[in-house]
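# Residue-level structural notes
Residue strings, one per chain:
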Amino acid sequence: MAGNLISETVEAWRSVISLLADRRRSRAATREFWALGLDECTGILNDIGLSRSEFDEAMRLPYASEDLLSSAMRSIGIDPDSFQSLEAAHRFMSRICITCPHRRQCHGHMAAFDFESHYQDFCPNSANFADLLADGRSRSTAGKSC
């Protein structure tokens, strides 16, 4: 019983330390972003359909400084580099991911290497991933003859 309490306490401290480190990275990423200059930042935000206030709010979410979209794509078998050529879809999915309220859950599954088994339960991009996977399969079989 005492061992269980110690284990839970240690895990709670790890979570707090992780949260503080994450907040520090997010603040640094926000400062670096705005250091690019107002015009460039506004252009980037317009490209993904975010207002300045939406961006600032999103940067307060857990793991805001991490590119969870690319990691999620790799996890389920989508090459994010080839996907970026689909510019409009990439912007749309990026906006969804950046503002997602499930970032902590997503990060936890990424860390446990089981995102691909659980993302359909919480990820707002899951239907988009399914479309990309289906499109990738249809392209790979389109060039083959019977």
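This structure is a prediction, so every number in the text was calculated from the model and none was measured.

Predicted coordinates in regions of low pLDDT should not be interpreted in detail. Predicted confidence across the protein chain gives a mean pLDDT of 86, with 90% of residues reaching 70 or more. The spread of mean pLDDT over the elements of the protein chain runs between helix 9 (residues 126-142), the lowest at 76, and helix 8 (residues 115-118), the highest at 96.

Moving on, we come to the side chain of T30. Mapping T30 onto the fold places it in helix 1 (residues 2-35). Beyond its immediate stretch of four places on either side in the chain, T30 contacts F55 and M59.

Here the focus is the environment of S18. Tracing the chain through its elements places S18 in helix 1. By relative accessible area, S18 is classed as partly exposed at 28%. When the C-alpha positions of S18 and Y63 are compared, they lie 9.8 Å apart, and in sequence the two are 45 residues distant.

It is characteristic of soluble globular proteins that their nonpolar side chains tend to be buried jointly. Counting 19 residues, the largest nonpolar core has M73, I76, I78, F115, Y119 and F129 as its most contacted members. Mapped by element, the contributors of at least two residues to this core are helix 4 (68-76), helix 6 (87-98), helix 7 (103-111) and helix 9. At 5 residues, the largest contribution of residues to this core is made by helix 4. If sequence neighbours within four positions are ignored, F115 has contacts with A72, S75, I76, C106, H109, M110, F122 and F129. F33, L45, I48 and A64 belong to the second largest nonpolar core, which has 9 residues in total.

One full turn of an α-helix is made of 3.6 residues, so residues set three or four places apart face in the same direction. Along helix 7, the residues that are buried comprise R103, C106, H107, H109 and M110. All buried residues of helix 7 lie within an arc of 165° about the axis, which places them on one face of the element. Against helix 4, helix 6 and helix 8 lie the buried residues of helix 7. Positive phi shows up at F113, right after helix 7, with a value of about 55°.

We now examine the layout of surface pockets. As a volume, the largest pocket reaches approximately 570 Å³. Those elements that place two or more of their residues in the lining of the largest pocket are helix 1, helix 2 (38-48), helix 3 (52-58), helix 4 and helix 6. Top element by residues in the lining of the largest pocket is helix 6. It accounts for 5 residues.

About the cut-offs
Residues numbered from 1 in each chain as written. Predicted model: local features only at pLDDT ≥ 70, side-chain atom pairs only at ≥ 80, totals over all residues. Heavy atoms only, no water. pLDDT = per-residue confidence, 0-100. Helix = DSSP H or I, 4+ residues; strand = E, 2+ residues; numbered from the N terminus. Contact = heavy atoms within 4.5 Å. Buried < 20%, exposed > 50% of the residue type's maximum accessible area, 1.4 Å probe, protein only. Core = buried A, V, L, I, M, F, W, Y, C linked by side-chain atoms within 4.5 Å. Arc of directions from axis to C-beta. 1 Å grid on protein atoms, 1.4 Å probe; cavity = no way out; pocket = protein on both sides within 12 Å on 5 of 7 lines; lining within 4 Å. Points joined across faces, edges and corners; volume = space filled by probe spheres on them.

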